[in-house]
Amino acid sequence: ADPAAFADLFSLGDVDHILSSTTPRFPAFRMVKEGKQLDPRSYTKPGRVGGQPVDDLADPGCVYEHFHAGATIVLQSLHRFWPPLTRLSRDLELALTHPVQVNAYITPPASRGLGIHHDEHDVFVLQVYGHKRWDVHDPDGAPDDRLVEVELAPGDCLYIPQRFPHAAWTAQTASVHLTVGVVPVTWADVLR
């Protein structure tokens, strides 16, 4: 693995830029801790967008307070507005012939954002910054049946098939990883 393999896609500095300069709105970003979503009112503030009052703008001070207290920052659908991830997604969609979505997870040291869960789509995890420990479980086995136990470093990639339960956590350093979800085309999509 090349530690700088994903450096052109997203960085820790990009997280600061998005939170402090672009004022994202909930649910384009959210915060989770130990498997539970935090109340958005605890890290958002009111303001105006185009003359319209809104109450779901990121409050960077509160976001960073929660982060330092162990909460994970989730930046959702980055493929819609972050140009390097828009290009990556489009290239993957052409190669895989499936829609692709990209989220970023920024987890503080010694923390876990989401608990054991599974996704309804295939996932590629791209480790951008720091290290993160991953357990992937057998979907048909007992909860303790681990198929994969691995620590990802910058430049590493992990593939997790749909419906495979998984969980991740950090050790001594913060972590930034991108989750590239390959969204399956369903019969409903075909009929539509």
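Residues numbered from 1 in each chain as written. Predicted model: local features only at pLDDT ≥ 70, side-chain atom pairs only at ≥ 80, totals over all residues. Heavy atoms only, no water.

Peer 1: Which residues make up the environment of Pro-154, and what values do they have?
Peer 2: As for its placement among the helices and strands, Pro-154 is situated in the loop between β9 (146–152) and β10 (157–160). Distance from Pro-154 to Gly-130, taken between C-alpha atoms, is 6.3 Å for residues 24 residues apart in sequence. With near-sequence residues (within four places) excluded, Pro-154 lies in contact with Asp-2, Pro-3, Gln-127, Val-128, Tyr-129, Gly-130 and His-131. (Helix = DSSP H or I, 4+ residues; strand = E, 2+ residues; numbered from the N terminus. Contact = heavy atoms within 4.5 Å.)

Peer 1: Outline the pairing of strand β1 (residues 29–33), supporting the account with residue identities and numerical values.
Peer 2: Where a strand is regular, its side chains alternate between the two sheet faces. In terms of residue burial, β1 counts as a mostly covered element, since four of its five residues are buried. As defined by bridge partners, β1 adjoins strand β5 (residues 72–75) across four bridges and the pair is classed as antiparallel. By the bridge assignment for β5, Arg-30 is matched with Val-74. With two bridges joining them, β1 and strand β2 (residues 36–37) adopt antiparallel strand pairing. In the strand pairing of β2, Val-32 is matched with Gln-37. Taken together, β1 and the strand that follows it, β2, pair antiparallel across an intervening segment of two residues, in which Glu-34 is found at a positive phi of about 50°. (Buried < 20%, exposed > 50% of the residue type's maximum accessible area, 1.4 Å probe, protein only. Pairing = 2+ DSSP bridges.)

Peer 1: Could you give an account of the packing of aromatic side chains, naming the residues involved and the relevant values?
Peer 2: Evaluated as defined, the whole model comprises three aromatic pairs. When the centroid spacing of 5.5 Å and the interplanar angle of 70° are considered together, the rings of Phe-29 and Tyr-43 count as edge-to-face. Here Phe-29, found in strand β1, pairs with Tyr-43, found in the loop between β2 and β3 (44–49); they are 14 residues apart in sequence, far enough to count as distant. The buried category is assigned to Phe-29, whose relative accessible area is 0%. With a relative accessible area of 0%, Tyr-43 lands in the buried category. Seen in terms of ring centroids, Phe-124 and Tyr-159 are 5.1 Å apart; in terms of plane orientation they differ by 40°. Their pairing is tilted. Of this pair, Phe-124 sits in strand β7 (residues 122–129) while Tyr-159 sits in strand β10, and the two are 35 residues apart along the sequence. Classification of Phe-124 as partly exposed rests on a relative accessible area of 28%. (Phe/Tyr/Trp six-rings, centres within 6.5 Å; stacked < 30°, edge-to-face > 60°.)

Peer 1: Can you break down the sheet that holds β9 residue by residue, with the values?
Peer 2: Spatially, the three strands line up as an open sheet ordered β9-β8-β11, and their pairing is antiparallel. Each edge of the open sheet carries a strand with a single partner, namely β9 and β11 (166–169). The sheet shows a mean angle of 15° between the axes of neighbouring strands, direction not considered. Pairing geometry for strand β8 (residues 132–137) and β11, over four bridges, is antiparallel. Across the sheet, residue Val-136 finds its bridge partner in β11, namely His-166. (Axes fitted to C-alpha atoms, helices over the stretch in contact; angles between N-to-C directions.)

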